[in-house]
Amino acid sequence: MKHFTYFYENELEALFFQKPMDFNKYSDRELLSYGLGATLYMPATRPNIHQDLLSKKHEGLTSLVIDLEDAVGDMEVEKAERLLVEELLKLKGEINKKYLTIDDLPLVFIRIRNIEQLKRIKEQLGDAAQLLTGVVLPKFNAESGGELLAEVVRIHKDHKPFYAMPILESDKIIHKETRMTELMAIKNLLDRYKENILNVRIGATDFCGLYGIRRSVDTTVYEIAVLRDCITDIINVFQRSESPYVISGPVWEYFSSKPRMLKPQLRQTPFRERYGDDGLKWRAELIDQNMDGLIREVLMDVANGLTGKTIIHPTHIKAVQALNVVTYEEYIDACSIVNANQRENGVRKSNFSNKMNEVKPHLFWAKKTILKSKLYGVLHEGYTNIDLIKKDVYVYNS
């Protein structure tokens, strides 16, 4: 499995200076934590999940979460558990029958309600639990999180690797007077189980719900004051260089076309300069699909050091993956910094003569960038992330 499998080989050669590498659930944990990309959530009550995975229905999908929590009504929990187990058992049977391997599947996680549910599902799945890369732990907190993580370790011993992805979305985290105490307690807990933590996720929808807020299609999470402040503190605690975690961008909720209240958030100039009139037409299509807000928010995620994003619609996959690709300039700068660190510290002018690369302050960024480059690839000089989003426009004459 790898990103951008929907491109032909000649397209990959044209676009990428360094093509994305293969990865699977058995890849190194630190590397894998950067590779989830656009993680698609789907309710466990959805029919034929195993067929969707085998047929690769969602082009470009590399990770998904089968949800037993918020996406399932309280009266449907028993049915949802039964269907989830049935689908995973069918999937295992089809893999054995068709001589496929886990490498042919996206990374599969389940989102649970409580530890009892996790134990029940593990017991019913038996050997089929090896299809799972891990479990998503909603409303994660320091008080009950240790018991859940201990169970994750027990499953890991039988079906390694098995990872946890805690979601930070509780009232103790969003409420200012308890936030830092709770975040530091969670950080200390996760540090004890670090080898089983794949990444940390942010529950923006639950946070907003606690304040009666719902952001519009024209508003990113970074423009909701109470959310912005909370995300800032989450980054502050969990992305410190001495013991960092990969943090994933929160969900973007919109996918259908609706009348717009505010002007579009994608500037015309990059599209016009790159593709002329066709570029402006394509920009209009993105706006009609409410993709401009998503693109803007992912750019803000990346700028704040977040990698990947929770999504609730398959039309979001390609945009999220594309915007996480490393540019040629970023990659060359990162390599220069890492190489300089191996020889000497100091300040060096960038190869592009437009910035100074300070080895010590930029070293953590450089190492993260190189890890991301292995999974998402590096664009050729002169290409942009827009070229990846618009699949059918990939070559231009320089």
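Not measured: the values here are computed from a predicted model. (Residues numbered from 1 in each chain as written. Predicted model: local features only at pLDDT ≥ 70, side-chain atom pairs only at ≥ 80, totals over all residues. Heavy atoms only, no water.)

Break down the side chain of Asn196 for me, with residues and values.
As for its placement among the helices and strands, Asn196 is situated in the loop between helix 8 (176–192) and strand 7 (200–202). Overall, Asn196 belongs to the buried group, its relative accessible area being 9%. One polar contact links the side chain of Asn196 to the main-chain carbonyl oxygen of Phe162, over a distance of 3.0 Å. Excluding its chain neighbours within four sequence positions, the residues that come into contact with Asn196 are Val152, Val153, His156, Phe162, Tyr163 and Ala164. (Helix = DSSP H or I, 4+ residues; strand = E, 2+ residues; numbered from the N terminus. Buried < 20%, exposed > 50% of the residue type's maximum accessible area, 1.4 Å probe, protein only. Polar contact = N/O pair within 3.5 Å; in protein donor to acceptor, adjacent residues only side chain to side chain. Contact = heavy atoms within 4.5 Å.)

Break down the pairing of strand 3 (residues 63–67) for me, citing the residues and quoting the values.
Every regular strand shows the same layout, with side chains that alternate between the two sheet faces. For strand 3, a buried count of 5 out of 5 residues is recorded, marking the element as mostly surrounded by other parts of the structure. Alternating positions in strand 3 separate into two faces, Ser63, Val65 and Asp67 on one and Leu64 and Ile66 on the other, with burial throughout. One ladder, built from 5 bridges, connects strand 2 (residues 38–43) with strand 3; its direction is parallel. The partner of Met42 across the bridge, within strand 3, is Ile66. A crossover connection joins strand 2 to the parallel strand 3 through helix 3 (residues 49–54); in handedness this β-α-β unit is right-handed. Looking at chain direction, strand 3 and strand 4 (residues 107–111) are connected through 5 bridges and run parallel. When the bridges of strand 4 are listed, Asp67 appears paired with Arg111. Regarding the hand of the β-α-β motif, the stretch spanning strand 3, helix 4 (residues 77–98) and strand 4 is right-handed. (Pairing = 2+ DSSP bridges. Right-handed = clockwise from strand over helix to strand, strands pointing away.)

For the side chain of Thr219, give the residues involved together with the corresponding values.
Along the chain, Thr219 turns up in the loop between helix 9 (204–209) and helix 10 (225–238). Overall, Thr219 belongs to the buried group, its relative accessible area being 17%. A polar contact of 3.0 Å, which involves the side chain of Thr219, links it to the side chain of Ser216.

Residue-level account of the sheet that holds strand 8 (residues 247–252), with values.
Read around the closed barrel, 8 strands run 2-3-4-5-6-7-8-9, paired in parallel fashion. Strand-to-strand twist in this sheet, taken as the mean axis angle between neighbours without regard to direction, amounts to 30 degrees. Helix 12 (residues 291–303) contacts strand 8 and strand 9 (309–311) of the sheet and is inclined by roughly 165 degrees relative to strand 8. (Axes fitted to C-alpha atoms, helices over the stretch in contact; angles between N-to-C directions.)

Now, about the environment of Gly35: what can you tell me, with residues and values included?
Within the fold, Gly35 resides in the loop between helix 2 (29–32) and strand 2. Residue classification places Gly35 among the buried residues on the basis of a relative accessible area of 1%. Residues Gly35 and His3, spaced 32 residues apart in sequence, show a C-alpha to C-alpha distance of 8.5 Å. In this structure, Gly35 is in contact with His3, Phe23, Thr62, Leu375 and Tyr376, ignoring residues within four places of it in sequence.

Summarise helix 6 (residues 145–159); cite the residues concerned and give the values.
Here helix 6 contains 15 residues, and its C-alpha end-to-end distance of 21 Å stays within 8% of the 21 Å for a straight helix at 1.5 Å per residue. Buried-residue contacts for helix 6 involve helix 5 (115–125), strand 5 (132–137), strand 6 (163–168) and helix 8. (Expected span 1.5 Å × (residues − 1).)

Tell me about the environment of Asp103, and name the residues and values.
Mapped onto the secondary structure, Asp103 falls in the loop between helix 4 and strand 4. Among the residues examined, Asp103 registers a relative accessible area of 34% and is labelled partly exposed. Spatially, the C-alpha atoms of Asp103 and Met1 are 5.9 Å apart, while their sequence positions differ by 102 residues. In this structure Asp103 touches Met1 and Asn24, once residues within four positions along its chain are discounted.

Can you lay out the packing of helix 8 against helix 10 for me, pointing to particular residues and giving the numbers?
Relative orientation of the contacting elements helix 8 and helix 10 amounts to 35 degrees, with a least axis distance of 10 Å. The crossing of helix 8 and helix 10 is right-handed. On helix 10, the residues touching Arg179, Met180, Leu183, Met184, Ile186, Lys187 and Leu190 of helix 8 are Asp229, Cys230, Asp233, Ile234, Val237 and Phe238. Classifying every residue of the contact of helix 8 with helix 10 by side-chain character gives 9 nonpolar, no polar and 4 charged. (Left-handed = near helix turned anticlockwise from the far one by under 90°. Nonpolar A, V, L, I, M, F, W, Y, C, P; charged D, E, K, R; others polar.)

Account for the nonpolar core, with residues named and values stated.
Among the nonpolar cores identified, the biggest contains 111 residues, and Ile234 and Phe238 are the most heavily contacted of them. Contact partners of Phe238, with chain neighbours within four places excluded, come to Leu168, Leu183, Ile186, Lys187, Leu190, Val200, Ser243, Pro244, Tyr245 and Ile247. By size, the runner-up hydrophobic cluster in this structure holds 6 residues, among which are Val326, Tyr328, Ile332 and Cys335. (Core = buried A, V, L, I, M, F, W, Y, C linked by side-chain atoms within 4.5 Å.)

I'd like a description of unusual backbone geometry, backed by residues and values.
Cis geometry marks the peptide bond from Lys160 to Pro161; its omega dihedral reads -5 degrees. Summarising the element assignment, Pro161 is placed in the loop between helix 6 and strand 6. Positive phi, close to 65 degrees, is recorded for Phe4, a residue that is not glycine. Locating Phe4 in the fold gives a position in the segment before helix 1 (9–15). Residue classification places Phe4 among the buried residues on the basis of a relative accessible area of 2%.

I'd love a proper account of the pattern of salt bridges, names of residues and values included.
Tallying each qualifying case throughout the model produces 28 salt bridges. In this structure, Arg228 engages Asp229 in a salt bridge whose closest nitrogen and oxygen atoms are separated by 3.8 Å. For Arg228, a relative accessible area of 36% gives the class partly exposed. Linking Asp301 and Lys309 is a salt bridge whose minimum nitrogen-to-oxygen distance equals 2.7 Å. A relative accessible area of 1% means that Asp301 is categorised as buried. The class of Lys309 is buried, set by a relative accessible area of 0%. (Salt bridge = Lys/Arg side-chain N within 4 Å of Asp/Glu carboxyl O.)

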